[in-house]
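Chains, contacts and geometry: an overview
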Amino acid sequence: MAKHEKDATFVGDSRIRAKRIPNIAPSYSEYPGKSEPFWPNFLLKEWMVAAVCLLGFLVLTVSAAPELTGKANPNNTSFIPVPDWYFLFLYQMLKYPWAAGDWVVLGTVIIPGLAFGALILAPWLDRGKERRAFRRPVATWIMLVTLVGVFYLTWAANEEHEKSLASNGGGGGGAGAPAAAADPNFKAGELWAAQQNCQNCHGVNMEGSAAAPNLQKVGAELNADQIADIIKNGKDGKMPPGMFQGSDEELTKLAEYLASLK
Amino acid sequence: MIQKMYDWVDERLNITPMWRDLADHEVPEHVNPAHHFSAFVYCFGGLTFFITVIQILSGMFLTMYYVPDIINAYESVNYLQNQVAFGTIVRGMHHWGASLVIVMMFLHTLRVFFTGSYKKPREMNWVVGMLIFFVMLGLGFTGYLLPWDNKAYFATKVGMQIADTVPIIGPYAKTLLQGGSIVGAQTLARFFAIHVFFLPAALLALLGGHFIMIRAQGISGPL
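Within every chain, residues take consecutive numbers counted from 1 along the sequence as written. Chains and ligands are labelled sequentially in the order written, the chains with letters from A and the ligands with numbers from 1. Local features in this predicted model are restricted to residues whose pLDDT is 70 or higher, and side-chain atom pairs enter the listing and the counts only when it is 80 or higher, whereas totals over whole chains, interfaces and linings include all residues. Excluded from the side-chain calculations are hydrogens and water; all other atoms, namely the structure's heavy atoms, are used.

1. Concerning the overall build of chain A
What counts, and what does not: Each helix is a run of H or I in the DSSP string that is no shorter than four residues. Each strand is a run of E no shorter than two, and both are numbered from the N terminus. In this setup the radius of gyration rests on C-alpha atoms only. A globule is expected at 2.2 Å times the number of residues raised to 0.38. We call a residue buried when its accessible area falls under 20% of the maximum for its residue type, exposed when it is over 50%, and partly exposed in between, using a 1.4 Å probe and counting protein chains only. The contact criterion used throughout is that any non-hydrogen atoms of two residues lie within 4.5 Å. Accessibility throughout is a Shrake-Rupley quantity obtained with a 1.4 Å probe, and a residue counts as covered only by protein chains that appear here.
Regarding its fold elements, chain A presents 9 helices and 1 strand. Of the regular secondary structure in chain A, the N- to C-terminal order runs β-α-α-α-α-α-α-α-α-α. For a compact globule of 262 residues, the expected C-alpha radius of gyration is about 18 Å, and chain A comes in at 32 Å, more than 25% above that figure. Across its three principal directions, the C-alpha atoms of chain A cover 95 × 55 × 40 Å. Out of the 262 residues in chain A, the part that is buried amounts to 31%. Long-range pairs, those at least 24 residues apart, make up 49% of the contacts in chain A with a sequence separation of at least 6. Surface summary for chain A: the accessible area is close to 16,900 Å², and the carbon and sulfur share equals 62%.

This is how it looks when you write it as structure tokens:
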């Protein structure tokens, strides 16, 4: 409870004092340097910085649409998992033999635990009064070396992921029929472009992938009815049934389009 | 008119001290990029908050379309992205904002570290900041699953396998997050709840603490 003066008066039966405090900003002239009030001078500048950042952010958003791969399919064995980029350095560590298998605890608990533990306890590990980075070389060097490690691991993870993507796409292993050589100039029609699920395995321009054959000349082997049947019921247990999105009429149209590709 | 409304509220609630607390503090020269351009490094904390606000707003709009179950989750995201007017912008802002907030927070952490601002008397604020960092990583991890596409599904599956290797608590943590023996319907529901209710609540509480402590202690002095 706040101390109450004997003769203080209050608003009604509340604890709000009747004597009002004037709403006047103090002068900062007695502060060292060129201090300025937060409101409104500095806040306006902060908003200008924020506006510039927002502009960059929006340019990024408009120029690069977020990726949406095919609907989650637990039976898809060819998909190479990858975490979001800011987890890559932790993920990459687990790929090295000294932090995998019997030693996996080193990679999942001990090293991250020590690193993040030290970071959270930094004020008690580095208790000196000196604040300048180059006057406390131990803390600075540990941080710099850690940063280099984090950047390296992130880079290495990305490099490895791209390599495995390339070998997965080019190898064609696991596909039912040997994939015909994909024609890089081939452009799929609008009917195909509307089918996210089909594109997920057969590719945006029907070029095929490790999981599914090339369809750029599928009309040479199958007629429209056979194609419609495969789309509806799947094939060989590899292509799942019911991936097509749309009406039966649209399915027939797509099948006819595919059959026309020779 | 506005002055009268202010006075009316102020008489009853005594808001002037609160308002002066919030708005009325000096910004010293060494953090003001208008005086020293290199002081832009002091902007990263504010920008982290700015992007966090964008994340909260864009996330609120995403939930207008998103359906957190395994049948509809992917379709609802696909619909939002490809059919709804400006839907790709809303999803794009949340998607890219998630990365930017990590980048800004990383830069802010480095600024605080290399200027030694975590030292006495600001130890507690450093710890709260690190907790905010972990909550943000948790938001990133749980949000990654929600579109329910292959990328999301398999990343989460691997994440669960990694959690499983942690001695003693690992299998329990995995069961708690996964809600069963596989990444499935329960997992999506739990990740949605964690991403939309649990972690944002923790985040707002921590941010409140972070800002109150800054107000109480002031920004660290020049080097």
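2. Details of unusual backbone geometry
What you tend to see is this: most non-glycine residues have negative phi, and most peptide bonds are trans. With an omega of -5°, the peptide bond between A:Trp39 and A:Pro40 qualifies as cis. Here the residue pair B:Lys120 and B:Pro121 is connected by a cis peptide bond, since its omega of 10° sits within 30 degrees of zero. For B:Pro121, the position within the fold is in the loop between helix 5 (87–114) and helix 6 (123–145). Within the chain, B:Asn14 stands out as a residue other than glycine whose phi angle is a positive 55°. Examined against the element boundaries, B:Asn14 turns out to sit in the loop between helix 1 (2–13) and helix 2 (16–23). Positive phi, close to 55°, is recorded for B:Trp148, a residue that is not glycine. Inspection of the secondary structure assignment puts B:Trp148 in the loop between helix 6 and helix 7 (150–164). Take B:Trp148: its relative accessible area is 6%, and that puts it in the buried class.

3. Here we look at the packing of helix 1 (residues 38–63) of chain A against helix 5 of chain B
To keep things clear, this is the line we draw: Working convention: axes come from line fits to C-alpha atoms, limited for helices to the stretch in contact. Angles between N-to-C directions cover 0 to 180 degrees. Geometric relationships in this document are graded by angle, where less than 35 degrees denotes roughly parallel, more than 145 denotes roughly antiparallel, 65 to 115 denotes roughly perpendicular, and other angles denote oblique. Take the far helix as your reference; a near helix turned counterclockwise from it by less than a right angle gives a left-handed crossing, and one turned clockwise gives a right-handed crossing. Any residue outside Ala, Val, Leu, Ile, Met, Phe, Trp, Tyr, Cys, Pro, Asp, Glu, Lys and Arg is labelled polar, Gly included; the first ten of those are nonpolar and the last four are charged.
With their axes 9 Å apart at the nearest point, helix 1 of chain A and helix 5 of chain B run at an angle of 120° to one another. One element, helix 1 of chain A, and the other, helix 5 of chain B, form an angle in the oblique class. The two elements helix 1 of chain A and helix 5 of chain B cross, and the hand of that crossing is right-handed. Here A:Leu54, A:Phe57, A:Leu58, A:Leu60, A:Thr61 and A:Val62 of helix 1 of chain A come into contact with helix 5 of chain B, specifically with B:Ile89, B:Gly92, B:Met93, B:Trp96, B:Gly97 and B:Leu100. Residue composition of the contact of helix 1 of chain A with helix 5 of chain B, by class: 9 nonpolar, 3 polar and no charged.

4. Things to note about the pattern of salt bridges
Counted only if it meets this: Any carboxyl oxygen of Asp or Glu that lies within 4 Å of a side-chain nitrogen of Lys or Arg is treated as forming a salt bridge with it.
Taken as a whole, this structure holds 13 salt bridges over all chains when the rule is applied. In this structure, the salt-bridge partner of A:Glu160 is A:Lys95, at a minimum N-O distance of 3.5 Å. Taken together, the positions of A:Glu160 in helix 5 (residues 137–171) and A:Lys95 in the loop between helix 2 (88–93) and helix 3 (104–120) put the pair 65 residues apart, joining distant regions of the chain. Owing to a relative accessible area of 37%, A:Glu160 belongs among the partly exposed residues under this scheme. One network of salt bridges, in which partners are shared, links A:Arg20, B:Asp7 and B:Asp10.

5. What about the domain arrangement of chain A?
Operational definition: Segmentation into domains, and thus their bounds, comes from an automatic or database assignment.
Segmentation of chain A into domains returns domain 1 (73–177) and domain 2 (190–259). One C-alpha centre belongs to domain 1 of chain A, the other to domain 2 of chain A, and the line joining them spans 39 Å.

6. Brief notes about the packing of helix 8 (residues 224–233) of chain A against helix 9 (residues 248–259) of chain A
To characterise two packed helices, one gives the angle between the axes of the helices and the distance between these axes. Residues and elements named next belong to chain A. Where helix 8 meets helix 9, the axes come as close as 8 Å, and the angle between the chain directions of the two elements is 125°. One element, helix 8, and the other, helix 9, form an angle in the oblique class. For the element pair helix 8 and helix 9, the recorded crossing hand is right-handed. Contact residues: helix 8 offers Ala-224, Ile-227, Ala-228, Ile-231 and Lys-232, while helix 9 offers Leu-251, Leu-254, Ala-255, Glu-256, Leu-258 and Ala-259.

7. Looking at a nonpolar patch on the surface
Residues and elements named next belong to chain B. Threshold: The patches described consist of residues with a relative accessible area above 30% and no salt bridge, like charges being joined within 9 Å and nonpolar side chains (Val, Leu, Ile, Met, Phe, Trp, Tyr) within 5 Å.
Taken together, the side chains of Phe-49, Val-53, Ile-56, Leu-57, Met-60, Leu-204, Phe-211 and Ile-214 define a hydrophobic patch exposed on the protein surface, amounting to about 650 Å² of accessible area. Secondary structure elements with two or more residues in the nonpolar patch: helix 3 (44–62) and helix 9 (185–217). Ranked by residues supplied to the nonpolar patch, first place goes to helix 3 with 5 residues. Residue position: Phe-211 is located in helix 9.

8. Some remarks on the interface of chain A and chain B
Here is the rule: Simply put, the buried area is the total loss of 1.4 Å probe accessible area from both parts when two parts are fitted together. Think of a polar contact as two N or O atoms within 3.5 Å of one another; within protein, one of them needs to be a possible hydrogen donor and the other a possible acceptor, and neighboring residues in sequence only count if both atoms come from side chains. Only strands that DSSP links by at least two bridges are regarded as paired with each other.
Contact residues are listed per partner, giving 79 residues for chain A and 85 residues for chain B. Between chain A and chain B, the buried area comes to about 7,300 Å², and carbon and sulfur atoms account for 67% of it. Seen at the junction of chain A and chain B, the total is 5 salt bridges. Where B:Glu75 meets A:Lys71, a salt bridge forms, and the shortest distance between an N and an O atom there is 3.5 Å. Taken together, chain A and chain B are joined by 32 residue pairs in polar contact (both at pLDDT 80 or more). For the side of chain A that touches chain B, the secondary-structure elements that each account for two or more residues are strand 1 (36–37), helix 1, helix 3, helix 4 (122–125), helix 5 and helix 7 (196–202) of chain A. Here the side of chain A that touches chain B gets 13 residues from one element, more than from any other, and that element is helix 1 of chain A. Pairing analysis gives 2 bridges linking strand 1 of chain A to strand 1 (residues 26–27) of chain B, with the strands arranged antiparallel. Looking across to strand 1 of chain B, one finds that A:Glu36 is bridged to B:Val27.

9. Points about the confidence of the model for chain A
Residues and elements named next belong to chain A. This is how it is decided: Known as pLDDT, the predictor's per-residue confidence is scaled from 0 to 100.
The share of residues in chain A with pLDDT of 70 or more is 90%, and the mean pLDDT across the chain is 84. Helix 4 holds the highest mean pLDDT among the elements of chain A, 96, whereas helix 6 (residues 190–193) holds the lowest, 78. The low-confidence segment residues 170–180 (pLDDT under 50) makes 11 contacts with residues lying over four places distant or belonging to another chain.

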